[in-house]
Amino acid sequence: LITLTTDFGSIDPFVGQMKGVILRIHPDAVIVDLTHGIRPQGIREAAIALGDSAGYFPPGTVHVAVVDPGVGSGRRRLALEAGGHLFVGPDNGVFTSVITASPRVRAHHVVAEQLFLESPGRTFDGRDVFAPVAAHLDKGLPLTEVGPEVTDYVLLPLPRPLREGGRIRGEVIHVDAFGNAITNVTAEDLASLGEEQNVRVLAGGAETPLAEYYAQTEGRGPGALINSAGRLEVFLFGARAAEALGLRVGDEVLVVAGEG
Amino acid sequence: LITLTTDFGSIDPFVGQMKGVILRIHPDAVIVDLTHGIRPQGIREAAIALGDSAGYFPPGTVHVAVVDPGVGSGRRRLALEAGGHLFVGPDNGVFTSVITASPRVRAHHVVAEQLFLESPGRTFDGRDVFAPVAAHLDKGLPLTEVGPEVTDYVLLPLPRPLREGGRIRGEVIHVDAFGNAITNVTAEDLASLGEEQNVRVLAGGAETPLAEYYAQTEGRGPGALINSAGRLEVFLFGARAAEALGLRVGDEVLVVAGEG
Amino acid sequence: LITLTTDFGSIDPFVGQMKGVILRIHPDAVIVDLTHGIRPQGIREAAIALGDSAGYFPPGTVHVAVVDPGVGSGRRRLALEAGGHLFVGPDNGVFTSVITASPRVRAHHVVAEQLFLESPGRTFDGRDVFAPVAAHLDKGLPLTEVGPEVTDYVLLPLPRPLREGGRIRGEVIHVDAFGNAITNVTAEDLASLGEEQNVRVLAGGAETPLAEYYAQTEGRGPGALINSAGRLEVFLFGARAAEALGLRVGDEVLVVAGEG
């Protein structure tokens, strides 16, 4: 099983070409698109998508990530094992979430050029390097065969919420397809404030009452809930909360305990 | 074989997570995307897409539909058998077309929580409930094992065309990717008016001559034809009829017999 | 293995229906989406996508192309073998690139109606004709069984760059998801000018220095490089070159040798 996460969108045949390369090497591979809708060069967004998703796949799955503004330059190529899954892609921080969530990580610098495709250009490592390496790993090639182990891989500073006494200062990290504003505040962060029923969530200048499901606040304006990724999410039933509240990635969301 | 129909779009990794869950339970499952481009909360649109499409898949296919504004609330979860196919999703009318087209339906209220995934939130039954239930059904779990049979499932009032003497008053039910305006008037409705050659179709203030294929009216303005779903469709060769004629979902399309 | 290339987009269930038809005939078929993001009626764009991509798939792959404004009219249906791959679709030039790149082509007029699906309309050969024919070919049906051989298939005049002494007059043939402007000038064209280091590329009124990878010109405006399809491509690191330079499909890109 191989998953693909890219910023290639759905217009160009790039993803299809990667699948062709994989199936030529490993005809029995099962390939799943995680998403190709990462914003161009959205490394941080891809890191979060991978961190939220990898665990839902069977152990041993090979996850390929191609969000790669540095393609063709000196930036390294990585293949790594974390949490019982394999990951292949550029060494630019796209694996930050899966690495930091795993107690033990084995990362290798991919230099085994005999695995690569010959190519007229240096702009598409997804097809020419990462796809064939993933196919070989999924077929059973040991991770040690792709190149030497490294430990100085790139980790991005993913924004963590700040705890200030009875307040949590979080931020919007993603706006999903429904216009929900997902924050970096987790269920654990919220629980750390004590009694949930007294928590107030402030987002985009509005107070968004805490709910358990979307329809709970129907007709009563925006709300907030812990979503199925375990994150605090600001929503507006039947509408797009981010637009309605003017919330964008990076905007502050404040959680205040008690009567605050 | 499992198909997926959702309003998740292509930006988020939600669909990918559902596939991971299915493949973890049932590694040999073949998964096909029917569409993830249903408008947010477009239950009616999904009902029509499923009704038009399920029959093209092999008998026994499990169709999962996740257009689910009521997720996490008290709305029921359904698994049902209709027309030799299985369907899994919320009890909100999304299966209206497949149910009404089938002489015999066995519907069960999905309550077998041991099949569900544990989740930090209640916002993603697609991943936490419907995907695992579909995987188990595709693997052979009898429908009776998911919960008790029910007969009071939700059916939506899908708009039917009105027959008024020699006229049919239909409406636009979908605008497709090419800008064609699909109506709820069927080939049978049209045939019921008698001689087809004398039928006039009025849509968006224009008379759209009846054709058999798009290129037939090239350079001569909009036309209408019976499409491959058996529905009357208003088109404009090489252009977007809906925009050109100002047609939107719900707008009237009139079919008049004879010299009208 | 069967690939699909269409202009169906991701809103409608058309692609899903084609997959259902294929899997009903050939349950073991592996189906890969090449792209469904071809612009409506973009035959030329599909021809280029197929030409760039088919070779990355295993020999014997069946490639289905459905960009088909003439569907339902008298335009022919083709199945052909070129370069060790099979192709199925309308005879409108969509196979121009794969045909012209292949020394030997066997093309057949698809008339074996017993392979087709019955349909209420004539608007969806993708589902009713090309999908079942592709499924049967992938299952082993000889090409000769679909209909008589033909040699007068449609070829589109794909724009070739003009060589004028020390200059190459090319044009933009595609703008990709990143806003890169892909031209019809190839690495071979460029090499024919002699020493690459002295080549100047002029696009959208700007001189775009030749680079080897995107990040090479970071902070220094647009550049040009030979991409992984072997084509000259105008880019702007971290931004959309086509928008920044006002480049559209058909616009001229000039390559000048020496001091020019």
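Overview of the structure.

Calculation notes
Residues numbered from 1 in each chain as written. Chains lettered and ligands numbered in written order. Predicted model: local features only at pLDDT ≥ 70, side-chain atom pairs only at ≥ 80, totals over all residues. Heavy atoms only, no water. Phe/Tyr/Trp six-rings, centres within 6.5 Å; stacked < 30°, edge-to-face > 60°. Buried < 20%, exposed > 50% of the residue type's maximum accessible area, 1.4 Å probe, protein only. Pairing = 2+ DSSP bridges. Helix = DSSP H or I, 4+ residues; strand = E, 2+ residues; numbered from the N terminus. Contact = heavy atoms within 4.5 Å. Axes fitted to C-alpha atoms, helices over the stretch in contact; angles between N-to-C directions. Least-squares fit on C-alpha atoms with pLDDT ≥ 70 in both. Polar contact = N/O pair within 3.5 Å; in protein donor to acceptor, adjacent residues only side chain to side chain. Core = buried A, V, L, I, M, F, W, Y, C linked by side-chain atoms within 4.5 Å. Buried area = accessible area lost by both parts, 1.4 Å probe. Salt bridge = Lys/Arg side-chain N within 4 Å of Asp/Glu carboxyl O. Nonpolar A, V, L, I, M, F, W, Y, C, P; charged D, E, K, R; others polar.

The next thing to look at is the packing of aromatic side chains. Residues and elements named next belong to chain C. Tallying each qualifying case throughout the model produces 18 aromatic pairs over all chains. A ring pair is formed by Phe-8 and Phe-14, whose centres lie 5.7 Å apart and whose planes are at 75°; its orientation type is edge-to-face. Per residue, the accessibility class of Phe-8 equals that of Phe-14, and both read buried. Ring centres of Tyr-214 and Phe-235 lie 5.1 Å apart, and the angle between their planes is 75°; this geometry places the pair in the edge-to-face category.

Turning to the sheet that holds strand β1 (residues 2–6) of chain C, a few remarks are in order. Residue and element names in this part refer to chain C. Taken in spatial order, the seven strands of this open sheet run β2-β1-β3-β5-β4-β6-β7, and their pairing is mixed. The open sheet has two edge strands, β2 (31–35) and β7 (149–150), and neither has a second partner. One ladder, built from six bridges, connects strand β4 (residues 77–82) with strand β5 (residues 85–90); its direction is antiparallel. Within the sheet, the bridge partner assigned to Arg-77 lies in β5 and is Pro-90. Where helix α1 (residues 14–25) meets the sheet, its contacts fall on β1, β2 and β3 (62–66), and the angle it forms with β1 comes to roughly 155°. Against the sheet, helix α2 (residues 43–53) contacts β1, β2 and β3, and its axis sits at roughly 125° relative to β2.

Let us now look at unusual backbone geometry. If you check the backbone angles, Gln-41 of chain A has positive phi at about 65° while not being a glycine. With respect to the helices and strands, the residue Gln-41 of chain A is situated in the loop between β2 (31–35) and α2 (43–53).

Moving on, we get to the relation of the copies chain C and chain A. Placing chain C over chain A gives an RMSD of 0.0 Å and needs a rotation angle of 120°, together with 0.0 Å of translation along the axis. Each copy turns onto its partner about a three-fold axis. Using C-alpha coordinates, one finds that chain C approaches the rotation axis most closely at Ser-10 of chain C, a distance of 4.9 Å.

To continue, consider the side chain of His-63 of chain B. Residue and element names in this part refer to chain B. Inspection of the secondary structure puts His-63 in strand β3 (residues 62–66). Within the structure, the side chain of His-63 is placed 2.9 Å from the side chain of His-85, a separation counted as a polar contact. Excluding anything up to four places from it in sequence, His-63 contacts Thr-3, Leu-50, Ala-54, Phe-57, His-85, Leu-86, Phe-87 and Val-88.

Before going further, it helps to spend a moment on the nonpolar core. Counting 59 residues, the largest nonpolar core has Leu-80 and Phe-95 of chain A together with Val-133 and Leu-137 of chain B as its most contacted members. Once residues within four sequence positions are removed from consideration, Leu-137 of chain B is found in contact with Val-62, Ala-79, Leu-86, Val-88, Pro-142, Leu-143 and Val-146 of chain B. Counting 58 residues, the second largest nonpolar core, distinct from the first, contains Leu-34, Phe-57 and Val-98 of chain B together with Val-66 of chain C.

At the junction of the two partners, chain C supplies 32 residues and chain A supplies 30 residues. Across the interface of chain C and chain A, roughly 2400 Å² is buried in total on both sides, 62% from carbon and sulfur atoms. Scanning the region where chain C abuts chain A turns up one salt bridge. Of the charged contacts, one joins Arg-122 of chain A and Glu-212 of chain C as a salt bridge, the two residues approaching to 2.6 Å between their closest N and O atoms. Where chain C touches chain A, the interface holds 14 residue pairs in polar contact (both at pLDDT 80 or more). Of all the secondary-structure elements, those providing two or more residues to the side of chain C that touches chain A are β2, α2 and β13 (223–226) of chain C. For the side of chain C that touches chain A, the class distribution of residues is 17 nonpolar, 10 polar and five charged.

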